[in-house]
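# Architecture and fold: a report
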Amino acid sequence: MIYLNPVFKDEHLEEYYRNRPQLQSEAIAEDLEFYSGLYLKGLSEISKSLPEQGKILDVGCSAGFFLDIAKTGGWQTFGLELNRKEAETSKGKGHSIEEEMIDSASFRTKFNAITLWDVFEHIKDGLKFLNDAKKFLNKGGIIFIQSPSRDALAAKIMRSACNMFDGLEHVNLYGMESLAIVAESAGYKIVSFETVISEIGVINNYLEYYDPYLGFSKNRESISSLITEKEIHENKLGYKFQACLRLL
């Protein structure tokens, strides 16, 4: 596991997320096709692990882009979002939203699935979160996590030049082994684990001495003819992982 030390105190992190002017929804809106592809892939993995659709809770739901897709797919949609502006946008779309952390949420229902899209790495105590989530999750329910992977080839090659290491918000970075340990400690079992986003273009920029995120490489298929996108994901070396944890 890779972790940030020191980190902001809880009250300051919460204040930051509630009031930050740079909204996640703006980044998603600029590349909605890309994010929608990830959302659909994740939703498919969730559906494979559940006998039926039902209620879904998205933690850190932003302006509700994932919930929009889930609602279209027949799910009853709920969310947690600290940022007031984004929470109001999501509420306006017909989703049931609370502006709380999961340990202080007051939903009077349980969910078939709880999702964390690029949120779990922001949580200081992942074990506590998984335990807190149990009161809202049906037995046999799924927690879905998409998060930057500490095992990613891009992170191992670029080290401090990799956006994964932001020095502020990404306080814990898990790989398959560390995620399995924290999941099992909380009474869950990993039932699926895949990686997404190869970052081949970014790595090739870096290897050619360009800025990795603003370089000129058009090669997004292989790294110096050594490894392809398919091989990256077969070996769980993608930039982010998507994992489903089942509550036992």
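To keep things clear, this report deals only with the structure shown in the data block. For clarity, every value in this text was computed on a predicted model and none was experimentally measured.

Rules behind the numbers
- Residues numbered from 1 in each chain as written.
- Predicted model: local features only at pLDDT ≥ 70, side-chain atom pairs only at ≥ 80, totals over all residues.
- Heavy atoms only, no water.
- Pairing = 2+ DSSP bridges.
- Helix = DSSP H or I, 4+ residues; strand = E, 2+ residues; numbered from the N terminus.
- Axes fitted to C-alpha atoms, helices over the stretch in contact; angles between N-to-C directions.
- Contact = heavy atoms within 4.5 Å.
- Salt bridge = Lys/Arg side-chain N within 4 Å of Asp/Glu carboxyl O.
- Buried < 20%, exposed > 50% of the residue type's maximum accessible area, 1.4 Å probe, protein only.
- Arc of directions from axis to C-beta.
- Core = buried A, V, L, I, M, F, W, Y, C linked by side-chain atoms within 4.5 Å.

## Overview of the sheet that holds strand β2 (residues 55-59)
The sheet built from seven strands is open, its strands ordered β4-β3-β2-β5-β6-β11-β8 with mixed pairing. Sheet topology places β4 (96-98) and β8 (188-196) at the edges, where each strand pairs with a single neighbour. Strand-to-strand twist across the sheet, computed as the mean angle between neighbouring axes with direction ignored, equals 15°. Sheet topology note: the β2/strand β3 (residues 76-80) ladder contains five bridges and is parallel. Each bridged residue has a counterpart across the sheet, and for leucine 57 the counterpart in β3 is phenylalanine 78. Contacts from helix α6 (residues 126-133) reach β2, β5 (111-117), β6 (137-148), β8 and β11 (240-247), with the element oriented near 150° to β6. Strands β6, β8 and β11 of the sheet are contacted by helix α8 (residues 176-185), whose axis makes an angle of about 155° with β8.

## What about the pattern of salt bridges?
Enumeration over the complete set of coordinates arrives at 12 salt bridges. As a salt-bridge pair, lysine 124 and aspartate 10 come within 2.8 Å of each other at their nearest N and O atoms. Taken together, the residues span a long stretch of sequence, with lysine 124 in the loop between β5 and α6 and aspartate 10 in helix α1 (residues 10-19) at a distance of 114 residues. Note on lysine 124: relative accessible area 35%, which makes it partly exposed.

## Quick word on α8
Because the α-helix completes a turn every 3.6 residues, residues three or four places apart line up on one side. Of all the positions in α8, only Ser178, Leu179, Val182 and Ala183 are classed as buried. Buried residues of α8, seen end-on, are gathered within an arc of 130° and therefore sit on one face of the element. Counted as exposed and oriented over 90 degrees from the buried face of α8: Glu177, Ile181, Glu184 and Ser185. Of the residues flanking the end of α8, it is glycine 187, one or two places downstream, whose phi is positive at about 95°.

## Observations concerning the nonpolar core
Buried together is how nonpolar side chains tend to be arranged in soluble globular proteins. The biggest cluster of nonpolar side chains holds 41 residues, and the ones touching the most others in it are Tyr39, Leu43, Ile46, Ile56, Phe66 and Trp75. Of all the elements in the fold, those that place two or more residues in this core are α3 (32-48), α4 (65-72), β5, β6, α7 (153-158) and α9 (200-207). The residues contacting isoleucine 56, other than those within four sequence positions of it, are Leu43, Ile46, Phe66, Leu67, Ala70, Trp75, Gln76, Thr77, Phe78, Phe111, Ala113 and Thr115.

Shape is all these values report; function is a separate question.
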